[in-house]
Amino acid sequence: YISFAGYDPDQSTFSSQPSAFRDKWPALQIIGKDILVPAHGIYWLIMLHSIGFPVDQMPQLLVHGWWNLGGAKMSKSSGNIIDPFVLADKYGADALRYYLMSDIVMGKDADFSEERILTAHNDALANSLGNLLNRTLQMTGRFCNSTLRINRASKIFNDYQEKWDARDAWRDNLTSGCESYHLESALAVLRIIVAAFNWLVEDRRPWDLAKAAQAKTKKEELFDVLYVLAESLRIIAILISPVLTRAAHGIFDQLNWKMDLSDEEKRFSLADAKWGELPDGHVVGKPVPLFPRIEIDESV
């Protein structure tokens, strides 16, 4: 492990190791629970101590459970394995990644289910996140010529700024789940966030506000609601980018945001996940299905 990371056995102290190695160490090692003790939890640490690694340079062990298939441990030797490339071609890489990260809890055993991938794709992604993006852009295009109007004095704007910026806000709950390697918790927060904005659409009913747009207050409320939806989608894209990479790029593309960094990882920065970055007068793009629903022919 350490040789691969650039460890130089000719150096007598840890502090004299090449900077390329010290930049990678201490490592986070992901291992299965069946090889934790004694190999990695005891022998490996003793070996490191014996060659001079101090206590604060011991690796962190992230131990995962088993993936079961039909109640039996999935393993190459038994042949009961699943080809991830086949599943990615069938359901999309994002849907597969979302299922694996949301349905399988780190440290515990889990039963693999292809049906759950379909459910994750259609329910959590297509009907929820994809639907939110589609209806937001459709209504912005239909009612506002695809142009966002920002009113920093509006109650709606400030209510949602407080939700995103408060210490215990959605963003912090989601990132803390990622930092503790409990991605399933982080993605559960994401589902709540997306559901909240789909509820906002039903509660404020932009289509009714558009009908009453001759009244100045209703027209301003319409602008406020659509801005809140678009700006929240921008932040959501940043937060989901580690897991739903293609979807995050898709949201930015359809928002016409940071187009000069299209398909680049540096397009997403947690520092940008703060409220109010989309400017007044920003023109969004046309909606394209982010997660087209997958229909299974049950008669086959």
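Residues numbered from 1 in each chain as written. Predicted model: local features only at pLDDT ≥ 70, side-chain atom pairs only at ≥ 80, totals over all residues. Heavy atoms only, no water.

A. Region of the structure containing the overall build of the chain. Scanning the chain from N- to C-terminus turns up 11 helices and 5 strands. For the C-alpha atoms alone, the extent of the chain along its principal axes is close to 80 × 55 × 35 Å. The burial tally for the chain puts 43% of its 300 residues in the buried class. When contacts within the chain are restricted to residue pairs at least 6 apart in sequence, those whose partners lie at least 24 apart make up 70%. Entry remark: accessible area of the chain is about 16,200 Å², with carbon and sulfur atoms responsible for 54%. Charge separation in the chain, taken as the distance between the mean sites of 32 positive and 39 negative side-chain charges, equals 6 Å. (Helix = DSSP H or I, 4+ residues; strand = E, 2+ residues; numbered from the N terminus. Buried < 20%, exposed > 50% of the residue type's maximum accessible area, 1.4 Å probe, protein only. Contact = heavy atoms within 4.5 Å. Areas by Shrake-Rupley, 256 points an atom, 1.4 Å probe, with all protein chains shown as cover. Lys, Arg positive; Asp, Glu negative; His and termini not counted. Charge placed at Lys NZ, Arg CZ, Asp CG, Glu CD.)

B. Geometry of the packing of aromatic side chains. Across all of its chains, the model carries 15 aromatic pairs by this definition. Look at Trp25 and Phe53: their rings are 5.8 Å apart centre to centre, the planes differ by 80°, and that puts the pair in the edge-to-face class. Of this pair, Trp25 sits in the loop between helix 1 (19-22) and strand 1 (28-32) while Phe53 sits in the loop between helix 2 (36-50) and strand 2 (60-64), placing them 28 residues apart in sequence. The burial state of Trp25 is the same as that of Phe53; both residues are buried. Just above the ring of Trp66 sits the side chain of Lys33; from NZ or CZ to the centre is 4.4 Å. (Phe/Tyr/Trp six-rings, centres within 6.5 Å; stacked < 30°, edge-to-face > 60°. Lys NZ or Arg CZ within 6 Å of the ring centre and 35° of its normal.)

C. Summary view of the nonpolar core. Leu129, Trp164, Phe197, Leu229, Ile236, Ile240 and Ile251 are the most contacted members of the largest nonpolar core, which has 71 residues in total. Going through the elements one at a time, helix 3 (84-91), helix 4 (93-103), helix 5 (114-144), helix 6 (155-165), helix 7 (170-179), helix 8 (183-204), helix 10 (216-240) and helix 11 (245-254) are the ones with two or more residues in this core. For Leu229, the contacting residues outside a window of four places in its chain are Leu132, Thr136, Met139, Phe197, Leu200 and Val201. (Core = buried A, V, L, I, M, F, W, Y, C linked by side-chain atoms within 4.5 Å.)

D. Structural context of the side chain of Ser102. Positionally, Ser102 belongs in helix 4. Residue classification places Ser102 among the buried residues on the basis of a relative accessible area of 15%. In this structure the side chain of Ser102 is engaged in a polar contact, spanning 2.7 Å, whose partner is the backbone oxygen of Tyr98. When near neighbours in sequence (up to four residues on either side) are disregarded, Ser102 contacts Glu184, Leu187 and Arg191. (Polar contact = N/O pair within 3.5 Å; in protein donor to acceptor, adjacent residues only side chain to side chain.)

E. Representation of helix 11. Most of helix 11 sits inside the fold, with 7 of its 10 residues counted as buried. Of the surrounding secondary structure, the elements contacted by the buried residues of helix 11 are helix 4, helix 5 and helix 10.

F. Up close: a nonpolar patch on the surface. A contiguous nonpolar surface patch, about 510 Å² in accessible area, is contributed by Val37, Ile42, Tyr43, Ile46 and Met47. Among the secondary structure elements, Tyr43 is positioned in helix 2. (Patch = residues over 30% accessible without salt bridge, like charges linked within 9 Å, V, L, I, M, F, W, Y side chains within 5 Å. Salt bridge = Lys/Arg side-chain N within 4 Å of Asp/Glu carboxyl O.)

G. Examining the pairing of strand 1 more closely. With 5 bridges joining them, strand 1 and strand 2 adopt parallel strand pairing. The residue of strand 2 that forms the bridge with Ile30 is Leu62. (Pairing = 2+ DSSP bridges.)

H. Structural detail: the pattern of salt bridges. Scanning the model with the defined rule gives 13 salt bridges in all. Across the pair Glu231 and Arg234 runs a salt bridge, and its minimum N-O distance is 2.8 Å. Here Glu231 pairs with Arg234, and both are found in helix 10, just 3 residues apart, close to one helical turn. Accessibility expressed as a relative area gives 0% for Glu231, which makes it buried. A salt bridge links Asp253 to Arg267, with the shortest nitrogen-to-oxygen separation between them at 2.8 Å. Of this pair, Asp253 sits in helix 11 while Arg267 is found in the segment after helix 11, placing the two residues 14 residues apart along the sequence. Owing to a relative accessible area of 26%, Asp253 belongs among the partly exposed residues under this scheme. When its relative accessible area of 0% is taken as the criterion, Arg267 is described as buried.

I. Focus on the side chain of Gln57. Mapped onto the secondary structure, Gln57 falls in the loop between helix 2 and strand 2. The class for Gln57 is buried, based on a relative accessible area of 14%. Contacts of Gln57, omitting those with residues within four sequence positions, involve Phe14, Trp25 and Pro26.

Bear in mind that shape data such as this cannot, by itself, settle questions of function.
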